[in-house]
Amino acid sequence: MATDVSRWKEMLDNSMSGNFLSENLIDIHLRLPVKSIVRFRCVCKSWCTLFDDPDFISMHLRQASASSNGRLLFKHLSSSEQEIYSLRSNIAFAEVRRLEVPVPSKTDYYQIVGSSNGLICLTESNFKGSYLSLNTFLWNPAIREFETLPKYHINNFTSPLMVVGLGFAFHPVINDYKVVRIVYFMRNKTSEADLYSLRTGSWRKVDANICCYIHSNVSRTFINGALHWLAGKKNEMDNTDNLILSFDMARDVFKEMMLPDFGYDELIRKCLADYKGSLSVLFYDAYHSNENCDVWVMEEYGVAKSWTKHFTIRHEIEIIIPFEFFDNGEAILQKKKSGGFISWDPDGIRFRDLGVSGPARLVEYMESLVSPRGGNGSAGQLLFYSTSASTTPGSTKEIDVGVKEGEVEGEDEASRRSSKGSV
């Protein structure tokens, strides 16, 4: 840091006179909110250069990560089926401010693939299977930049296709943001995986021959450097073995993690979640009231024997669908009939109404100076707008990844969709 500060101080001293430009001023800049830095870019050329410096952006991000209480990006539909994006408190869930996507979707609907370090990945969705002509975007609402990712080449494009796996995350070891897309071709029952790197600004194929099917199309967890989806495949007895499909973001390989036999009925639903930084799976009954939701946590990542039931969410009246967790461990739940969201405190064993309803999508969010252009500013089409707005040997193995025809998305997702929205 000393070298960076000296370089920045020399640059600023050369443009402005006086002793005010010191290490203290650099420290002040690093602690400023993004909104202020965007405003101060016009002070002088040197300040603008400083705020664009990759080292400054990285240090500002670390400072924000250490001091921020965090935010949640919550997308839901209004009564008129208009998409609403709002930033909310990670604990109280109070609305902080609303955001506006600067470019309308061709299908009137964006799906949030994920959020990392202030970058939000969006993809257009029409729920009709073909994503061939639809776009994927990276958006940083804090600095008001919105970029269309380049089109990616799809083999067998004459076959009807479905995107059955999507994920987006930043891996600190490789210092890169990646978008993962698994495509299933319905006619010849084959699949392929594509990977977009923000560092290179391009798509490339990932070697993956499909042999399992994915239950839900969007990865909801990034833990231990990997994205995760619930999946399954047929065993020798022609029964389905449930598993977790993961994608190692550093090595670019798919793995499977077998779930232990929890002893639940086949009708019991499952969903993945991040519980205080650990991979968790929640079991619930989506058809009967007065049924509870069990929360199991993988205490040692990748080790099936470490699955432990931490607690049970008990309810008596309405069917509840598990959604996410707050950082403090409170569970976010959705009432199936009314669509309203509530939270459940496992310590105080109490519910509270969050005052919003679905269908919806929720991801963690933190404001940053990270640009969707990455290190290659020529990739895609960048739009500036003025509207406010994460392995133990033997516990996992590398596999061929796949999907099964007719089981490309979880029923829980579909049950919470309207004609223009989804969870």
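Okay, so let's go over this structure.

Quick notes on the rules
Residues numbered from 1 in each chain as written. Predicted model: local features only at pLDDT ≥ 70, side-chain atom pairs only at ≥ 80, totals over all residues. Heavy atoms only, no water. Helix = DSSP H or I, 4+ residues; strand = E, 2+ residues; numbered from the N terminus. Areas by Shrake-Rupley, 256 points an atom, 1.4 Å probe, with all protein chains shown as cover. Pairing = 2+ DSSP bridges. Axes fitted to C-alpha atoms, helices over the stretch in contact; angles between N-to-C directions. Core = buried A, V, L, I, M, F, W, Y, C linked by side-chain atoms within 4.5 Å. Buried < 20%, exposed > 50% of the residue type's maximum accessible area, 1.4 Å probe, protein only. Contact = heavy atoms within 4.5 Å. Phe/Tyr/Trp six-rings, centres within 6.5 Å; stacked < 30°, edge-to-face > 60°. Lys, Arg positive; Asp, Glu negative; His and termini not counted. Salt bridge = Lys/Arg side-chain N within 4 Å of Asp/Glu carboxyl O. Polar contact = N/O pair within 3.5 Å; in protein donor to acceptor, adjacent residues only side chain to side chain. Nonpolar A, V, L, I, M, F, W, Y, C, P; charged D, E, K, R; others polar. Expected span 1.5 Å × (residues − 1). Disulfide = S-S within 2.5 Å.

1. Side note on the overall build of the chain
A tally of helices and strands in the chain yields six helices and 27 strands. When the accessible area of the chain is evaluated, it comes to approximately 19,500 Å², of which 49% is carbon and sulfur surface.

2. Here we look at the sheet that holds strand 2 (residues 83-89)
Pairing is antiparallel across the open sheet formed by four strands, whose spatial order is 3-2-1-25. Looking at which strands have only one partner, the edges of the open sheet turn out to be strand 3 (95-99) and strand 25 (360-365). The sheet shows a mean angle of 25° between the axes of neighbouring strands, taken without regard to direction. One ladder, built from six bridges, connects strand 1 (residues 71-77) with strand 25; its direction is antiparallel. Counterpart to L73 in the pairing with strand 25 is V363.

3. What to know about the nonpolar core
If you look at the biggest cluster of nonpolar residues, it comprises 53 residues, and the most contacted ones within it are L73, Y85, L122, W139 and F168. Those residues in contact with L122, other than ones at most four positions away along the chain, are Y85, V101, Y110, Q111, I112, V113, N135, T136, F137, W139 and F146. Listed in part, the 20 residues of the second largest apolar core include A169, I182, I214 and L243.

4. Things to note about the packing of aromatic side chains
A full pass over the atoms with the stated rule returns 18 aromatic pairs. Ring centres of Y110 and F137 lie 5.5 Å apart, and the angle between their planes is 90°; this geometry places the pair in the edge-to-face category. Separated by 27 residues along the polypeptide, Y110 in strand 4 (residues 110-116) and F137 in strand 6 (residues 136-140) bring together distant segments of the chain. Both residues of the pair, Y110 and F137, belong to the buried class.

5. Regarding the environment of C293
Counting through the fold element by element, C293 comes out in strand 19 (residues 293-298). According to the relative accessible area criterion, C293 is buried, its value standing at 2%. In this structure, the C-alpha to C-alpha distance between C293 and I313, residues 20 residues apart in sequence, is 5.0 Å.

6. Overview of the sheet that holds strand 19
Spatial strand order, 17-18-19-20: four strands in an open sheet with antiparallel pairing. Each end of this open sheet is capped by a strand with a single partner; those strands are strand 17 (269-275) and strand 20 (307-313). Between one strand axis and the next, the sheet turns through 25° on average, direction left out of account. Relative to strand 20, strand 19 runs antiparallel, the two being bridged by six bridges. The residue bridging C293 from the neighbouring strand is I313, located in strand 20.

7. Overview of the side chain of E124
Locating E124 in the fold gives a position in strand 5 (residues 119-124). For the buried E124, no salt bridge exists, and the shortest N-O distance to an oppositely charged side chain is 5.1 Å, to K106. Among the polar contacts listed, one links the side chain of E124 to the side chain of S105, at a separation of 3.5 Å. Within the structure, the side chain of E124 is placed 2.7 Å from the backbone nitrogen of K106, a separation counted as a polar contact.

8. A few points about unusual backbone geometry
Excluding glycine, residues mostly carry a negative phi; peptide bonds, for their part, are mostly trans. We note that N117 has phi near 50°; this positive angle belongs to a residue other than glycine. Along the chain, N117 turns up in the loop between strand 4 and strand 5. Despite not being glycine, N175 has its phi angle at roughly 55°, a positive value. The residue N175 is located in the loop between strand 8 (161-171) and strand 9 (176-185) in this model.

9. Some points on the pattern of salt bridges
Per the stated rule, a full pass over the model turns up 13 salt bridges. One salt bridge connects R88 with E95, and the closest N-O pair in it is separated by 3.2 Å. Its relative accessible area of 35% is what places E95 among the partly exposed residues. Three or more residues are tied together by salt bridges with common partners; here these are R88, E95 and R98.

10. Section: the pairing of strand 24 (residues 350-357)
In this sheet, strand 24 lies alongside strand 23 (residues 340-345) in antiparallel orientation, the contact comprising five bridges. Looking at strand 24, one finds that G340 is bridged to S357.

11. Observations regarding the packing of helix 4 (residues 45-52) against helix 5 (residues 54-67)
Two elements in contact, helix 4 and helix 5, have axes whose closest approach is 5 Å; the angle formed by their N-to-C orientations is 65°. Every residue of helix 5 that contacts helix 4 at L50, F51 and D52 is listed here: P54, F56 and I57. Partitioning the contact of helix 4 with helix 5 into residue classes produces five nonpolar, no polar and one charged.

12. Digging into helix 5
With 14 residues, helix 5 extends 20 Å from end C-alpha to end C-alpha; this agrees with the ideal 20 Å at 1.5 Å per step. Listed in full, the buried residues belonging to helix 5 are F56, I57, M59, H60, L61 and A64. Where helix 5 begins, the side chain of D53 points an oxygen toward the backbone nitrogen of D55, at a separation of 2.8 Å.

13. Here we look at the state of the cysteines
Tallied over the full model, the rule gives zero disulfides. The closest cysteine sulfur to the non-disulfide-bonded C271 is located on C293, 6.7 Å from its own sulfur.

14. So, the environment of I91
Along the chain, the position of I91 falls in the loop between strand 2 and strand 3. Judged by its relative accessible area of 48%, I91 is partly exposed. Separated by 19 residues in sequence, I91 and L72 have C-alpha atoms that sit 9.2 Å apart. If near-sequence neighbours (up to four positions away) are discounted, I91 is found in contact with F326, N328 and R352.

Any functional reading would require information beyond the geometric quantities listed.
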